[in-house]
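The chain contents come next:
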Amino acid sequence: MSDQLVIEATGLRKEFRGRKGTRVAVDDLDLAVPAGGVHGFLGPNGSGKTTTIRMLLGLARATRGEMRLFGQQVPAHLPAVIDRVGAVVESPKFSPHFSGRRNLLLLSRSIGAPDRQVDQAIETVGLTGRDRDRYKSYSLGMKQRLAIAATLLKDPQLLILDEPTNGLDPAGIREIRETIRDLGARGVTVLLSSHILAEVQQVCTSATIIGNGRLLASGKVDDLVGGTAAAYAVTVPDQAAARRALTDAGLATTPTETGLRVESDDPARITRTLGAAEIWLTGLTPLRRDLESVFLELTEADTLGQHTTAPGGAA
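Here is a short report on the structure shown in this document. Just so we're clear, the structure is a prediction, and the values are computed from it rather than from any experiment.

The rules behind each value
- Residues numbered from 1 in each chain as written.
- Predicted model: local features only at pLDDT ≥ 70, side-chain atom pairs only at ≥ 80, totals over all residues.
- Heavy atoms only, no water.
- Helix = DSSP H or I, 4+ residues; strand = E, 2+ residues; numbered from the N terminus.
- Buried < 20%, exposed > 50% of the residue type's maximum accessible area, 1.4 Å probe, protein only.
- Contact = heavy atoms within 4.5 Å.
- Areas by Shrake-Rupley, 256 points an atom, 1.4 Å probe, with all protein chains shown as cover.
- Arc of directions from axis to C-beta.
- Axes fitted to C-alpha atoms, helices over the stretch in contact; angles between N-to-C directions.
- Left-handed = near helix turned anticlockwise from the far one by under 90°.
- Nonpolar A, V, L, I, M, F, W, Y, C, P; charged D, E, K, R; others polar.
- Expected span 1.5 Å × (residues − 1).
- Pairing = 2+ DSSP bridges.
- Phe/Tyr/Trp six-rings, centres within 6.5 Å; stacked < 30°, edge-to-face > 60°.
- Lys NZ or Arg CZ within 6 Å of the ring centre and 35° of its normal.
- Polar contact = N/O pair within 3.5 Å; in protein donor to acceptor, adjacent residues only side chain to side chain.
- Parallel < 35°, antiparallel > 145°, perpendicular 65-115°, else oblique.

### Considerations on the overall build of the protein
Looking only at helices and strands, the protein features eleven helices and 14 strands. Projected onto its principal axes, the C-alpha coordinates of the protein cover approximately 75 × 50 × 40 Å. Among the 315 residues that make up the protein, the fraction classed as buried is 45%. A separation of at least 24 residues holds for 67% of the contacts in the protein among residues at least 6 apart in sequence. Entry remark: accessible area of the protein is about 15700 Å², with carbon and sulfur atoms responsible for 47%.

Dropping the structure here:
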């Protein structure tokens, strides 16, 4: 992952004025997306993700703040960089009676892209063999992959996807996940907006978490979740005796269905404590935080109006 930034936003703010007053959708947000890999843009529904993306693409006007794509200020210089950007923000309009390939050919010719780009896009999103089927026969996941294929016709360096797995079944989610992972591996920078954390953690190298339009945390995924285990699952023959020994040693424990959860980042301390009490382990498994637990901690604290800083991130 490069230190070069493909997307930069500083002090980004969007206000909507209505009869009931002013609603702040994006609240002085800073966003930094490095070149290469997949960057998760995470937040609850209504947190300002889509509004931010629309401002980056010139589809909505920022109340204030600065934005840059590939180092160029937008929206002022958006025409200079737009050909390097592909985006799926809203449901694309395809002819239901044409095949997927025919839809892409018509689109490619309208933008002056060579026909070979259609073949490459179809292969990249995994629609080979189904590209000549009518669009109306496609599953929702296939339609979403065709939408991604349409953005690839101009061979973008940055791909922005807004909730691409919404409404998909598990098979469709897996298809989109594999497509996104392949694009990141090919060198395309992907900004993936989502609230499905388990999926995001499987494909993202870095992430930004927002809540109520504000930045809550940002950084590499490994840094956000923590590189080492904060607790261990302990399995022993005598759970009660083990809990007494660990508690006496100052370690917090919680009974589980299979043993004990021990709050510690030092497995040697656990094994020494139990060995000294002549209690022999049958299992010791690290319990690492995942992105979902970090996300829930941050957004819950934000809802309560608390100030929270995530490991490796900013709040």
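### Digging into helix H4 (residues 116-124)
Burial in H4 covers these residues: Gln117, Val118, Ala121, Ile122 and Thr124. Each buried residue of H4 lies within a common arc of 160° when the element is viewed along its axis, so the set occupies one face. Facing away from the buried surface of H4 by more than 90 degrees, the exposed residues are Arg116 and Glu123. Contacts from the buried residues of H4 go to helix H3 (100-110), helix H5 (140-151) and helix H6 (170-185). A positive backbone phi angle near 75° is found at Gly126, which sits one or two residues after H4.

### Points about the packing of helix H9 (residues 239-248) against helix H10 (residues 267-276)
Packing of H9 against H10 leaves a shortest axis separation of 9 Å and a crossing angle of 115°. Every pair of crossing elements has a handedness; the one defined by H9 and H10 is right-handed. In contact with Ala242, Ala245 and Leu246 of H9, H10 contributes Ile270, Thr273 and Leu274. Across the contact of H9 with H10, the residue classes break down as five nonpolar, one polar and no charged.

### Description of the environment of Ala25
Note that Ala25 resides in strand E2 (residues 21-34). Residue class for Ala25 comes out buried when judged on its relative accessible area of 7%. Here the alpha-carbon distance between Ala25 and Thr51, two residues 26 residues apart in the chain, equals 7.2 Å. Among residues more than four places away in sequence, those in contact with Ala25 are Lys14, Phe16, Ser47, Gly48, Thr51 and Gly213.

### Digging into H6
In this model, H6 (16 residues) spans 22 Å end to end at C-alpha, consistent with the 22 Å of a helix rising 1.5 Å per residue. Listed in full, the buried residues belonging to H6 are Gly172, Ile173, Ile176, Arg177, Thr179, Ile180, Leu183 and Gly184. Relative to the axis of H6, the buried residues are bounded by an arc of 160° and lie together on one face. When the buried face of H6 is taken as reference, the exposed residues oriented beyond 90 degrees from it are Pro170 and Ala185. Considering only its buried residues, H6 is in contact with strand E3 (38-42), H4, H5, strand E7 (158-162), strand E8 (189-194) and helix H7 (197-203).

### A closer look at the sheet that holds strand E6 (residues 85-88)
In space, the six strands of this open sheet follow the order E6-E7-E8-E3-E9-E10, with mixed pairing throughout. Bordering the open sheet on either side are E6 and strand E10 (214-220), each of which pairs with just one other strand. The sheet shows a mean angle of 15° between the axes of neighbouring strands, direction not considered. Strand direction decides the pairing type here: strand E9 (residues 206-211) and E10, joined by six bridges, are antiparallel. Its bridge partner lying in E10, Thr208 is registered against Ser218. Where helix H1 (residues 49-56) meets the sheet, its contacts fall on E3, E7, E8 and E9, and the angle it forms with E3 comes to roughly 125°.

### Focus on the packing of aromatic side chains
In total, this model carries two aromatic pairs according to the counting rule given. Aromatic rings pair up to connect Phe94, Tyr135 and Tyr138 into one cluster. Positioned above the aromatic ring of Phe70, the side-chain terminus of Arg84 is 3.9 Å from the ring centre.

### Comments concerning the side chain of His39
Mapped onto the elements, His39 comes out in strand E3. Polar side-chain contacts of His39 include one of 2.8 Å to the side chain of Thr208. Residues contacting His39, with those up to four places away along its chain left out, are Leu31, Ala32, Val33, Pro34, Val190, Leu191, Leu192, Cys204, Ser206, Ala207, Thr208 and Ser218.

### Remarks on the packing of H3 against H5
Running from N to C, H3 and H5 cross one another at 25°; their axes reach a closest spacing of 10 Å. On the basis of the axis angle, H3 is roughly parallel to H5. In the crossing of H3 with H5, the sense of the turn from one axis to the other is right-handed. Contacts from Gly100, Leu104 and Leu107 in H3 reach Leu146, Ala149 and Ala150 in H5. Class assignment of the residues belonging to the contact of H3 with H5 gives a composition of five nonpolar, one polar and no charged.

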